[in-house]
Amino acid sequence: RWCGEITAHAGLLTEQRMPIDLDSWCSYSTEKQIVVRHRWAGILYYSCCLFVLIYVVAVQIIANQGFTAFQALSGTVKGSFLPPASLSPVDS
């Protein structure tokens, strides 16, 4: 795939062709923590968080009685109460 790059030479815009898009190939992602100081964006964000919390508690847990949902058990478990051989007995 050929990607074009527009450059300015002596006031003229020209397009250079490259066989690959180096910006996409050499890109990497980082995590950055930012603080958004915008009243309406904050109101929208916290309103969505509150809506999700109310939905989970009111609808999924209370209305649908999600706290009482059980599923049929399948499979078996084998247990042993023998101490490992590498431990020595403790005198009390």
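Residues numbered from 1 in each chain as written. Predicted model: local features only at pLDDT ≥ 70, side-chain atom pairs only at ≥ 80, totals over all residues. Heavy atoms only, no water.

Caption draft 1: Layout of helix α2 (residues 39-63). If you check α2, its first and last C-alpha atoms are 33 Å apart, about what 25 residues at 1.5 Å a residue would give, namely 36 Å. At Tyr55, α2 shows its largest bend, some 25°. Of the residues trailing α2, Gln65 is marked for its positive phi of about 50°. (Helix = DSSP H or I, 4+ residues; strand = E, 2+ residues; numbered from the N terminus. Expected span 1.5 Å × (residues − 1). Bend = angle between axes of the 7 residues up to and from the residue.)

Caption draft 2: Representation of the packing of aromatic side chains within the structure. A full pass over the atoms with the stated rule returns 1 aromatic pair. Ring geometry for Tyr45 against Tyr46: centres 5.0 Å apart, planes inclined by 75°, an arrangement best described as edge-to-face. For Tyr45, a relative accessible area of 49% translates into the label partly exposed. (Phe/Tyr/Trp six-rings, centres within 6.5 Å; stacked < 30°, edge-to-face > 60°. Buried < 20%, exposed > 50% of the residue type's maximum accessible area, 1.4 Å probe, protein only.)

Caption draft 3: Region of interest: the state of the cysteines. In total, this model carries 0 disulfides according to the counting rule given. Its sulfur unpaired, Cys49 is 7.1 Å from the next cysteine sulfur, which belongs to Cys48. (Disulfide = S-S within 2.5 Å.)

Caption draft 4: Layout of the confidence of the model for the protein chain. Summing up the model confidence of the protein chain, the mean pLDDT is 75 and the portion of residues at 70 or higher is 60%. Ranking the elements of the protein chain by mean pLDDT puts strand β1 (residues 3-9) last, at 52, and α2 first, at 91. (pLDDT = per-residue confidence, 0-100.)

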